[in-house]
Amino acid sequence: SAVISQKPSRDICQRGTSLTIQCQVDSQVTMMFWYRQQPGQSLTLIATANQGSEATYESGFVIDKFPISRPNLTFSTLTVSNMSPEDSSIYLCSVDETGNTEAFFGQGTRLTVV
Amino acid sequence: LAKTTQPISMDSYEGQEVNITCSHNNIATNDYITWYQQFPSQGPRFIIQGYKTKVTNEVASLFIPADRKSSTLSLPRVSLSDTAVYYCLVGVNNDMRFGAGTRLTVKP
């Protein structure tokens, strides 16, 4: 099973600023996913990031607000841009090694925007 | 995308068997059924996956009827540490959208 490291684990940011979250995997994977999870809620998929192609965003999420990089098969970043308090949430990355929805998750980044 | 429906919450007692059912009436031929467990302040953890009939591992069993329109996650002899949210996910490839999940509370 893949081991995923996310950085930072938590941060408190000022509104109007941007935060870049890093996701490092200990093996090469094709599919990486970024999620947002509000307290007590389910996970909401932000985008799917495959190496060598543009990320595919879910309805309600746009590249200008959540730009994603995927420079290689072991690394990805999600930037939360021009933050507002509504962006306060937990952000998680995950990988799917098999392509059959058997995914592994990082511990998440707890973001608070003040 | 096959949507899923699960009970919002369930209560159980230590030592009991817990069965959580997920409905997925629009499941496609190629879709797998995958269950995840999530503890507070942690990312979801893969529990079990199946396509049809029954699958069993060291943690749980997954029962899938012939029509595949539902599935049941069975947790034998639960303990307090099984208190978590359980998600049923139906799809294939990059189809990684989660439903609301079932919050299981195990009581002493």
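Heads up: the structure comes first, above all this text.
Residues numbered from 1 in each chain as written. Chains lettered and ligands numbered in written order. Predicted model: local features only at pLDDT ≥ 70, side-chain atom pairs only at ≥ 80, totals over all residues. Heavy atoms only, no water.

Caption draft 1: View of the pattern of salt bridges. Taken as a whole, this structure holds three salt bridges over all chains when the rule is applied. Across the salt bridge formed by A:Lys65 and A:Asp87, the nearest N and O atoms sit 2.6 Å from each other. Within this pair, whereas A:Lys65 is found in the loop between strand E6 (56–57) and strand E7 (68–72), its partner A:Asp87 is found in the loop between strand E8 (75–80) and strand E9 (89–96), the two being separated by 22 residues in sequence. Assessed through its relative accessible area of 5%, A:Asp87 is described here as buried. Where B:Asp11 meets B:Lys107, a salt bridge forms, and the shortest distance between an N and an O atom there is 3.4 Å. (Salt bridge = Lys/Arg side-chain N within 4 Å of Asp/Glu carboxyl O. Helix = DSSP H or I, 4+ residues; strand = E, 2+ residues; numbered from the N terminus. Buried < 20%, exposed > 50% of the residue type's maximum accessible area, 1.4 Å probe, protein only.)

Caption draft 2: View of the packing of aromatic side chains. Per the counting criterion, the structure on display carries nine aromatic pairs over all chains. When the ring of A:Phe105 is compared with that of B:Tyr36, the centres are 6.0 Å apart and the planes differ by 85 degrees; the resulting orientation is edge-to-face. On the criterion of chain membership, the pair formed by A:Phe105 in strand E10 (residues 103–105) and B:Tyr36 in strand E3 (residues 32–38) is interchain, its members lying in two chains. Judged by relative accessible area, which is 0%, B:Tyr36 ranks as buried. Taken together, the ring pairs in this structure connect A:Tyr35, A:Phe105, B:Tyr36, B:Phe46, B:Tyr87 and B:Phe98 into an aromatic cluster. Across from the ring centre of B:Tyr51, 4.0 Å away, lies the NZ or CZ of B:Arg68, which sits over that ring. (Phe/Tyr/Trp six-rings, centres within 6.5 Å; stacked < 30°, edge-to-face > 60°. Lys NZ or Arg CZ within 6 Å of the ring centre and 35° of its normal.)

All quantities given are derived from atomic positions and should not be read as evidence of function.
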